[in-house]
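Inside the fold
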Amino acid sequence: MATGSARDDTPVPLSRRLSHRWPTIAAVALVVATFVDGVPPLGLLAGLLAVMPVCYLLFGAFRGELRGARVLAVQVVGLAGFAAVALLALAVDGTWGLRVIAVGWLAHGVWDVVHHRSGRVVPRAWSEWCAVVDVGGAFATLALA
């Protein structure tokens, strides 16, 4: 027998497993509540896409994660990129604007996953919650557009 701790095959109760996924559960509830009556106005979705990266800058500043010039530069470039996508979505017509905003939200979901994996800039619970909101919102927008 090898030394070290023995593997514990005791099943983990569902309530305990779900308690670790509270950001995902909260995010799914928010997406359902937001899109249950259809797609929100494009201006709201574009505004949120432009504001979400500001949250990352604020979190990073308060957590002291923006000390390096490279980290700050990446966050500012992200802000500029997502704001540009939001403006583009507002500049194009109707359904195309919703498609552009959905792509922007999906891209922000990927941004969130990268932050979640690194554990830097924002709390992991925030990046998990935001990734689910962004990806769910993107797919809901595409489905309902």
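Look up: the structure comes first, before these words.
Our next topic: the packing of helix H3 (residues 42-63) against helix H6 (residues 124-144). As a packed pair, H3 and H6 sit with axes 13 Å apart at the nearest point and diverge in direction by 170°. Relative to H6, H3 is oriented roughly antiparallel. Considering only the axes of H3 and H6, their crossing is left-handed. Between H3 and H6, the residues in contact are Leu45, Met52, Cys55, Tyr56 and Phe59 and Trp126, Ser127, Cys130, Asp134 and Thr141, respectively.

Core analysis: the largest hydrophobic core is formed by 27 residues, its most contacted members being Leu45, Leu49, Ile101 and Trp105. Taken together, the elements giving at least two residues each to this core come down to helix H2 (22-35), H3, helix H4 (69-91), helix H5 (94-118) and H6. The greatest single-element share of this core, amounting to seven residues, is contributed by H3. Those residues in contact with Ile101, other than ones at most four positions away along the chain, are Leu42, Leu45, Ala46, Leu49, Ala86, Ala89 and Thr141.

In a packed pair of helices, the relevant descriptors are the angle between the two axes and the axis-to-axis distance. Where H4 meets H5, the closest approach of the two axes is 8 Å, and the angle between their N-to-C directions is 165°. Taken as axis vectors, H4 and H5 run roughly antiparallel relative to one another. Once H4 is placed against H5, the crossing between them reads as left-handed. Where H4 approaches H5, its residues Val74, Gln75, Gly78, Phe82, Val85, Ala86, Leu88 and Ala89 are matched on the opposing element by Gly97, Val100, Ile101, Gly104, Ala107, His108, Trp111 and His115. Of the residues belonging to the contact of H4 with H5, the class tally is ten nonpolar, six polar and no charged.

Rules used throughout
For every chain, the first residue of its written sequence is number 1, and the numbers climb from 1 along that sequence. Predicted model: local features are reported for residues with pLDDT of at least 70 only, side-chain atom pairs are reported and counted for 80 or more only, and whole-chain, interface and lining totals are derived from all residues. Derived side-chain values reflect all non-hydrogen atoms in the structure, with water molecules and hydrogen atoms excluded from consideration. Only the stretch in contact is used when a helix axis is fitted, and all axes are lines through C-alpha atoms; the angle between N-to-C directions ranges over 0 to 180 degrees. Strands here mean DSSP runs of E at least two residues long; helices mean DSSP runs of H or I at least four residues long; both are numbered from the N terminus. Geometric relationships in this document are graded by angle, where less than 35 degrees denotes roughly parallel, more than 145 denotes roughly antiparallel, 65 to 115 denotes roughly perpendicular, and other angles denote oblique. Note on convention: near helix rotated counterclockwise from far helix by under a right angle means a left-handed crossing. Clockwise means right-handed. Contacts were defined at the residue level, with two residues in contact if any of their heavy atoms lie within 4.5 Å. We call a set of buried Ala, Val, Leu, Ile, Met, Phe, Trp, Tyr and Cys residues a nonpolar core when their side-chain atoms join them within 4.5 Å. Accessible area is worked out with a 1.4 Å probe on protein chains only. A residue is then buried under 20% of its type maximum, exposed over 50%, and partly exposed in between. Charged residues are taken to be Asp, Glu, Lys and Arg, nonpolar residues to be Ala, Val, Leu, Ile, Met, Phe, Trp, Tyr, Cys and Pro, and polar residues to be all remaining types, Gly included.

In short, shape yes, function no, at least from these values alone.
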